[in-house]
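Close look at the chain arrangement
So the chains spell out like this:
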Amino acid sequence: MEAAEAQAALDRRESVQRTGRRAHAGWYTRYLFGFLGYTVLLLGAAAAARTEPAVAITLTTAGALLGMAAMGYAGTRPVVTRDFRRFHLAFSAGWTGLYVAAVVVGTVWSGGAPLPWWLASLAVLAVWNLGAALLVRRAGAR
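Treat the numbers as computed from the prediction; the structure is a model and nothing was measured. (Residues numbered from 1 in each chain as written. Predicted model: local features only at pLDDT ≥ 70, side-chain atom pairs only at ≥ 80, totals over all residues. Heavy atoms only, no water.)

Further remarks concern the overall build of the chain. For the chain, the count of helices and strands is four helices and zero strands. In sequence order, the secondary structure elements of the chain are arranged as α-α-α-α. In the chain, buried positions account for 32% of the 142 residues. Of all intrachain contacts in the chain linking residues separated by at least 6 positions in sequence, the fraction that spans at least 24 positions is 78%. Surface accessibility of the chain: about 8700 Å² in total, with carbon and sulfur atoms responsible for 70%. (Helix = DSSP H or I, 4+ residues; strand = E, 2+ residues; numbered from the N terminus. Buried < 20%, exposed > 50% of the residue type's maximum accessible area, 1.4 Å probe, protein only. Contact = heavy atoms within 4.5 Å. Areas by Shrake-Rupley, 256 points an atom, 1.4 Å probe, with all protein chains shown as cover.)

The structure is reproduced here in structure tokens:
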């Protein structure tokens, strides 16, 4: 009887963990898509302000603060899956590096960066977000 009870407890535990992974994957995937929309807004503002470096720096600073707040919120959720914080830190650090590189190069470009630069930057950041979303969904399906 003890072996059967132990097996039933292990099965319940696995079922709860699987449900938690699926729920977390769904939430975090929606977060990543929302963050992709946020990225579009930030790069669009930086591209629109390309002839005025002071405006671009102000928008970038405000955007970075909001982005860090969103990343911090997502990283401190009370119920997370195993290795989530490490994944979230890697995603956030990578996104921040790519975004800062795009805006700094676009801002210091003489006369403002051309539109193809901003579109390429957006494409790189979109691939970063979508790749992360795909990884999260795949992990949630296990």
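This brings us to the side chain of Asn129. Within the secondary structure layout, Asn129 lies in helix H4 (residues 115-141). Contact partners of Asn129, with chain neighbours within four places excluded, come to Leu32, Phe35, Leu36, Phe91 and Trp95.

Turning next to helix H3 (residues 84-108). Helix length check: H3 (25 residues) gives 36 Å between terminal C-alpha atoms against 36 Å at 1.5 Å per residue, within 8%. Among the residues making up H3, those that are buried are Phe84, His88, Phe91, Ser92, Gly94, Trp95, Tyr99, Ala102, Val103, Gly106 and Thr107. (Expected span 1.5 Å × (residues − 1).)

The next point concerns the nonpolar core. Counting residues in each nonpolar core, the largest one holds 24 residues, and the members touching the most others are Tyr28, Leu32 and Trp95. Elements with a contribution of two residues or more to this core: helix H1 (2-48), helix H2 (53-75), H3 and H4. Considering each element in turn, this core owes the most residues, ten residues, to H1. Among all residues touching Leu32, those that are not within four sequence positions of it are Phe91, Asn129, Ala132, Ala133 and Val136. (Core = buried A, V, L, I, M, F, W, Y, C linked by side-chain atoms within 4.5 Å.)

On to the packing of aromatic side chains. One pass over the full model with this rule turns up seven aromatic pairs. Centre to centre, the rings of Tyr31 and Phe35 are 5.6 Å apart; their planes meet at 35°, and the pair counts as tilted. You can see Tyr31 and its partner Phe35 sitting in helix H1, four residues apart, about one turn around the helix. Under the relative-accessibility criterion, Tyr31 is labelled buried at 12%. Phe35 sits in the buried class, given a relative accessible area of 3%. With a centroid separation of 6.2 Å and an interplanar angle of 75°, the aromatic rings of Phe35 and Phe91 are classed as edge-to-face. (Phe/Tyr/Trp six-rings, centres within 6.5 Å; stacked < 30°, edge-to-face > 60°.)

Residues Leu98, Val124 and Trp128 make up a contiguous nonpolar surface patch of about 240 Å² in total accessible area. Examined against the element boundaries, Leu98 turns out to sit in helix H3. (Patch = residues over 30% accessible without salt bridge, like charges linked within 9 Å, V, L, I, M, F, W, Y side chains within 5 Å. Salt bridge = Lys/Arg side-chain N within 4 Å of Asp/Glu carboxyl O.)

No statement about biological role is implied by the geometric values presented.
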